[in-house]
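# Structure assessment
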Amino acid sequence: MLPDRFWRNIRIGLVGLVLAAAVAGLVLGDAWLWVAVEWSPPAYAGFYGRGGFDTSTTVALLVAALVKAALLWLILRAPAPGPLDRRARALRRLLYLAVAYALVLWYPIALLPDAVDAAFQLALWTAIDVLYLLVIRWRSRVLRAAAGAIFAVELAGMADDLLDELDLPELGSGGIVELGLMLSGVAATLITLVGQRRDGRWSRGTQAAGWVSVGVYALVIPLNVRFAMIPSGADLAMPVMMDALALVGTVWIAATARELPTEGRPADLPPARRRVIRVAVAAVALLPVIAMIHPEQTPHLTYTGWSTDCYDRPSFGDLKPAEREAVFLCRARSTDGGVSPIFPDSLSDQQVLAYGRALCRAKDREEQEAILTRAGSARPAWGADPWDLVYVCPEIVGATHPELLRSTAETEAANAAYIAEENAKCRDPWPRTKGVVQATAKYFLFADGDHGYLVHDPDDDAADEAAEQAIDDLYDDSALVGVAGSTALVGHVEDVIDLCLTVKALRTPPPRRTAGWDQVDEVPIVSRSGTLTVPEMGDGGEVGAGAPMPNLAIAGKGRYRLRVYVRIGDAGEEHLVVVFPGASRKRLTLKP
């Protein structure tokens, strides 16, 4: 074992280096100060504090340097002398490995894939927990069994993280399970502290460090809601201090390893130091409560633009009245898609709701712009959309947009009824010519214009490339149909958003029958997988056929001819697509 003088020199050197680096960082700039205190690359400083640190963050970094230096002094204390059996010696080495990971090894391991880090942590703490059960004198079978169960839950949480990194099915399903796995680490620390107290080897100072680490974790939970996602330029004082206090857990792990020998149990702390420790533990326990209390003028934020719960947009009719305002707050502060929020986070929930109701009462877009400018919005010229405002003033928005008041089921039923009604308007233009397979339906295009619709082989490996070539062919030749391999793109004559489409598959070429049609074109097409069809409108989609479309490649893989008839009538634009086997590669314009 190394002499105490060696450990003392190491402690003095490293602690002095930390303090000197902090002072040098104050002189050299924010990046160096960040590296000296946070022990992470300077690039992290550029991410968290673009534009430079403010005064509170700089002061917090200097205070954190002193706190970390003091805690590092405690971590680097020499191991207590005394004999150790094989299990205790292995536990000491693994605990010191955990300390090394917390201090320095985390960064090189972080350069590897995340799954490597998760696997390393799982293997390390599995070995530590097993040795805890064997080395600690629990003095109770029930307590040892309880510790084993809690350690198993803790390791299950780590295994769940590993499965997540490997994109495998996770163990946790539901918020309660996830919360239990998250709190299992705290429970494991608590049961270990109980075992240390019953064992008798560990000093009150070591146990106090363990209890303080639990208090720090309890402090992190409420503050993590606010600081889990730190926007650029935010006040970093609190996260910096929490990072420094988190080192208390490493102090406890190091002290646990140091005091493992059964002989020469460390003497209890003097009464004065015990009182100081009790005050520190009480302060850490009270800080979570204090952190949740804000001045009256501080904005109360139920949701911010970083809240993960705001990604979905529930239908108004699916919400209870008490839930609607929360959804509006989500929408008002959402940064989804990288756009600026309607309202800044500097406004409280009450202010945002008041401005929202004012937007509902605005007479025109100009008045909305004036309200948003007064509220400090980053995008006043955009105004506010009714599908956002409906959650805060349904009685106003619903008068002009009743469809926004529907539930998801009502919306789906209304859409299905609308599509069925539109399909019913379309008729088969060749009712006497029955196809082997056929269908008639309304085909819906993009409201702002579309190239047309596809007749294609969706299972062809080159389908995407063929679709692009068909678009080029459609415009290069100014034709009705653009074709490339297994894809044909049929254009529309008028500027429409939907048209009536009938498709038929025949075994032989039909008569041309061009009378009554405005345009008739015939082109070659190939099916490489034995499929030719027209895209259908999917769930929630806006484009595609309003009814199921059949497979027109009735002869399987091979070459086909595709004939397209188009006419404009009182009912709008009408298309007839006929597909039949044919080896010809000629392109015919039967009626220009």
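Scroll up a little and you will see the structure.
Cut-off values and rules
Residues numbered from 1 in each chain as written. Predicted model: local features only at pLDDT ≥ 70, side-chain atom pairs only at ≥ 80, totals over all residues. Heavy atoms only, no water. Patch = residues over 30% accessible without salt bridge, like charges linked within 9 Å, V, L, I, M, F, W, Y side chains within 5 Å. Areas by Shrake-Rupley, 256 points an atom, 1.4 Å probe, with all protein chains shown as cover. Salt bridge = Lys/Arg side-chain N within 4 Å of Asp/Glu carboxyl O. Helix = DSSP H or I, 4+ residues; strand = E, 2+ residues; numbered from the N terminus. Disulfide = S-S within 2.5 Å. Buried < 20%, exposed > 50% of the residue type's maximum accessible area, 1.4 Å probe, protein only. Pairing = 2+ DSSP bridges. Contact = heavy atoms within 4.5 Å. Axes fitted to C-alpha atoms, helices over the stretch in contact; angles between N-to-C directions. Lys, Arg positive; Asp, Glu negative; His and termini not counted. Charge placed at Lys NZ, Arg CZ, Asp CG, Glu CD. Parallel < 35°, antiparallel > 145°, perpendicular 65-115°, else oblique. Left-handed = near helix turned anticlockwise from the far one by under 90°. Nonpolar A, V, L, I, M, F, W, Y, C, P; charged D, E, K, R; others polar. Core = buried A, V, L, I, M, F, W, Y, C linked by side-chain atoms within 4.5 Å. Phe/Tyr/Trp six-rings, centres within 6.5 Å; stacked < 30°, edge-to-face > 60°. Lys NZ or Arg CZ within 6 Å of the ring centre and 35° of its normal. Polar contact = N/O pair within 3.5 Å; in protein donor to acceptor, adjacent residues only side chain to side chain.

## Points about a nonpolar patch on the surface
On the surface, a cluster of nonpolar side chains totalling about 480 Å² of accessible area is made up of Leu26, Val27, Leu28 and Trp32. The dominant element in the nonpolar patch, judged by the number of residues it contributes, is helix 1 (residues 4–28), at three residues. Structurally, Leu26 is set in helix 1.

## Side note on the state of the cysteines
Applying the stated rule across the entire model yields two disulfides. Each disulfide pairs two cysteine sulfurs, and for Cys426 the partner residue is Cys500, the sulfurs being separated by 2.1 Å. Handedness of the Cys426-Cys500 disulfide follows from its S-S torsion of about -80 degrees: it is left-handed. Of this pair, Cys426 sits in the loop between helix 18 (408–424) and strand 1 (437–444) while Cys500 sits in strand 5 (residues 498–505); the two residues are 74 residues apart in sequence, bridging distant segments of the chain. For the pair shown, Cys426 and Cys500 are each scored as buried.

## Considerations on the sheet that holds strand 8 (residues 558–569)
Spatially, the seven strands line up as an open sheet ordered 7-1-5-9-8-6-10, and their pairing is mixed. The sheet is open, and its two borders are formed by strand 7 (544–545) and strand 10 (588–591), each paired with just one other strand. The pairing of strand 1 with strand 5 spans eight bridges and is antiparallel. Bridging across to strand 5, Val437 finds its partner in Ala505. Sheet strands in contact with helix 18 are strand 1 and strand 5, and its direction is about 120 degrees off that of strand 1.

## Considerations on a negative patch on the surface
Residues Asp114, Asp161, Asp164, Glu165, Asp167 and Glu170 make up a contiguous surface patch of negative charge. It is helix 7 (residues 141–165) that contributes the most residues to the negative patch, three residues altogether. Inspection of the secondary structure assignment puts Glu165 in helix 7.

## Some words on the packing of helix 4 (residues 55–75) against helix 11 (residues 247–258)
Between helix 4 and helix 11, the least distance of the axes is 9 Å, while the angle of their chain directions is 15 degrees. One finds that helix 4 runs roughly parallel with respect to helix 11. Both helix 4 and helix 11 take part in a crossing whose hand is left-handed. The residues of helix 11 that touch helix 4, namely those facing Lys68, Leu71, Leu74 and Ile75, are Leu247, Val248, Thr250, Val251, Ala254 and Arg258. Tallied by class, the residues present in the contact of helix 4 with helix 11 amount to seven nonpolar, one polar and two charged.

## Details of the sheet that holds strand 2 (residues 452–456)
Pairing in this open sheet of three strands is antiparallel, and the strands run 2-4-3 from one edge to the other. In the strand order of this sheet, the two ends are held by strand 2 and strand 3 (481–484), each with one partner. Between one strand axis and the next, the sheet turns through 20 degrees on average, direction left out of account. Two elements, strand 3 and strand 4 (residues 487–491), share four bridges in a ladder whose sense is antiparallel. Looking across to strand 4, one finds that Ala484 is bridged to Thr487.

## Quick notes on the nonpolar core
Counting residues in hydrophobic clusters, the biggest one holds 49 residues, and the most contacted among them are Leu91, Trp125 and Ile128. Looking at this core, the elements that each hand over two or more residues are helix 1, helix 4, helix 5 (86–110), helix 6 (114–135), helix 7, helix 8 (175–199), helix 9 (204–227) and helix 11. Per element, the largest residue contribution to this core is nine residues, and it comes from helix 6.

## Some points on the packing of aromatic side chains
Taken as a whole and assessed by the stated rule, the structure comprises nine aromatic pairs. Seen from their ring centres, Trp106 and Tyr107 are 5.7 Å apart, and the 75 degrees between their planes marks the pair as edge-to-face. Counting every residue linked through ring pairs, the aromatic cluster contains Trp430, Trp517 and Tyr565. Here the guanidinium or amino end of Arg513 rests over the ring plane of Trp430, the centre of that ring lying 4.8 Å away.

## As for the pattern of salt bridges
For the structure on display, the rule yields 15 salt bridges. The closest approach of N and O atoms between Lys442 and Glu422, which form a salt bridge, is 2.7 Å. Taken together, the residues span a long stretch of sequence, with Lys442 in strand 1 and Glu422 in helix 18 at a distance of 20 residues. Note on accessibility: Lys442 and Glu422 belong to one class, buried. Beyond isolated ion pairs, a larger network of salt bridges with shared partners links Arg137, Asp199 and Arg201.

## Considerations on the side chain of Glu573
The topology assignment puts Glu573 in strand 9 (residues 572–581). Although Glu573 is buried, it forms no salt bridge, and the closest oppositely charged side chain is Arg567 at an N-O distance of 11 Å. Reaching out from Glu573, the side chain makes a polar contact with the backbone nitrogen of Val493 at a distance of 2.8 Å. Within the structure, the side chain of Glu573 is placed 2.7 Å from the side chain of His575, a separation counted as a polar contact. Setting aside chain neighbours within four positions, we find Glu573 in contact with Gly491, His492, Val493, Glu494, Val496, Leu499, Cys500, Val566, Arg567 and Ile568.

## Quick word on the environment of Leu319
With respect to the element layout, Leu319 can be found in the loop between helix 12 (271–291) and helix 13 (321–333). The sequence separation of Leu319 and Ser407 amounts to 88 residues, and the corresponding C-alpha distance is 8.2 Å. Once you skip the residues sitting within four places of it in the chain, Leu319 turns out to touch Pro314, Arg324, Val327 and Tyr391.

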